[in-house]
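# Chains, contacts and geometry: an overview
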Amino acid sequence: MSGWNRAGERWRNTPARLRVAVAAGVLALAVVAVFVLALDGGGEEPPRGQARAGQMKGMEGMQGMEGMDMPSDGSVHLTAAQIQEFGITFGFAEQRTLEDEVRTVGTVAFDETRIAQVAPKVDGVAERLYVDFTGRPVRRGEPLLEIYSPDLVAAQEELLLAARLQRTLGESSVPGVPGGSPDLVAAAERRLRLWDISEAQIEQVRRTGRVRRTLTLFSPVSGVVVEKPVVRGQAVEAGQTLYTIADLSEVWVEAELREADAGAVREGSPATVELAAFPGRPLAGTVEYVYPTLQPEARALKARISIPNPEGRLKPGMYATVRLLAPVRSALTVPSSAVVRTGERTLVFVDLGGGQLAPQEVQTGRTAGEHTEILAGVEPGQRVVTSAQFLLDSESNLAETMRSMIGMGGSGGMEGMEGMEGMEGVESKGADMKGMQMPPERR
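### Notes on the pattern of salt bridges
One pass over the full model with this rule turns up 15 salt bridges. Two residues, aspartate 247 and arginine 114, come together in a salt bridge whose shortest N-O distance is 3.3 Å. In this pair, aspartate 247 sits in the loop between strand S12 (243-246) and strand S13 (250-258) while arginine 114 sits in the loop between strand S4 (101-109) and strand S5 (115-118), placing the two residues 133 residues apart along the sequence. Judged by relative accessible area, which is 22%, aspartate 247 ranks as partly exposed. Two residues, arginine 193 and glutamate 189, come together in a salt bridge whose shortest N-O distance is 3.3 Å. Taken together, the residues arginine 193 and glutamate 189, both in helix H6 (residues 182-194) and four residues apart, mark about one turn of the helix. A relative accessible area of 34% means that arginine 193 is categorised as partly exposed. Given a relative accessible area of 11%, glutamate 189 falls into the buried group. The network of salt bridges with shared partners includes Asp111, Arg114, Asp247 and Glu250.

### Overview of the packing of aromatic side chains
In total, this model carries one aromatic pair according to the counting rule given. On the numbers, 5.3 Å between centres and 80° between planes, the contact of tyrosine 289 with tyrosine 291 is edge-to-face. Arginine 304 extends its terminal NZ or CZ atom over the ring of tryptophan 252, reaching a point 4.0 Å from the ring centre. Of note, arginine 313 hangs over the ring of phenylalanine 278, and the distance from its end group to the ring centre comes to 4.8 Å.

Rules and cut-offs
Residues numbered from 1 in each chain as written. Predicted model: local features only at pLDDT ≥ 70, side-chain atom pairs only at ≥ 80, totals over all residues. Heavy atoms only, no water. Salt bridge = Lys/Arg side-chain N within 4 Å of Asp/Glu carboxyl O. Helix = DSSP H or I, 4+ residues; strand = E, 2+ residues; numbered from the N terminus. Buried < 20%, exposed > 50% of the residue type's maximum accessible area, 1.4 Å probe, protein only. Phe/Tyr/Trp six-rings, centres within 6.5 Å; stacked < 30°, edge-to-face > 60°. Lys NZ or Arg CZ within 6 Å of the ring centre and 35° of its normal.

Listed below in structure tokens is the structure:
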């Protein structure tokens, strides 16, 4: 058996899948040959009509969709039946009111304007604590601790001395001596008040005529004790923080805004806050402040939302889901589904009438819900494709590619495709190679 016969026998015994792969490789080599001939020029240029016939010979069946026309401008022409078959839908470029919603996360925090610290104004010792643990709720005027201070003891003695002196001078009958000296008593009382000693304690000292060893400090606000660094018997200094009390009747929610959303949120924007602890119970609030600096680590900007919390349900540290509404404005928009982003450019397919759909490059702005702002590229009232755009884009690119190949090939652009006519029997499902003929036996 000759070499060609053996080769033919091996080919017939080759699995169908492998034969299809070999056929695909042959087809790829043919396409490469076409490009080589196109670059080389193919020798002398034949007459124009003959070149065009040679270029298009073998191109039958290479269109992407049967019956679809591919004009030279990259547009795609479809019949009404094809529009229905491919499921193509349309929308319009119109002036619409944009309500941009920003969805982000936030954290419940203390209202810094409702935090108070309790610190003595004299040196002393904390001898008794009425509020002795962190987290305890307190009311305004409730006693916090008793403090012993030599300065307070001396101030009480001065007050009693001034009061006795006032009574003594009031009983004097010496001519020219005033009947009383209220200024000394008032000065002693004022000194105790400046050290946060209550009026009731001052009055008690004057009424009993006895110096109290310890005096009581009271809470200046209502709230919850969030810090308590003091313990019983501890020596304290003037200005040292003993308690930090936060009023939780109103809290802040600090929302994290992406850098891209920083321009969409302003002070006064309405906000809705949802917490995992209370599903289905959103809370309404308002953006009170947008912080002026960006966090460099997270590339995020903080917006502060004030939320009433009369029942104390919101606990600082809770995570929240925040929805912010940007200011309402009017803009030219198209449905967001009409926009095709290829990476290098942004397109919409415009209906030119008569089934002709042309790609149009556009410049987009913000996306708000189901609509995208168009800054340039389309006019109000134009009809645009809202589905199957990627199919149309592939067909448009195919038309441009084939037109470029024909232009490059010149006289020999597609002649190399004539020899591929024998491949007509190759099916995409790839079961046999009936169209491929093996060379005759070499003599």
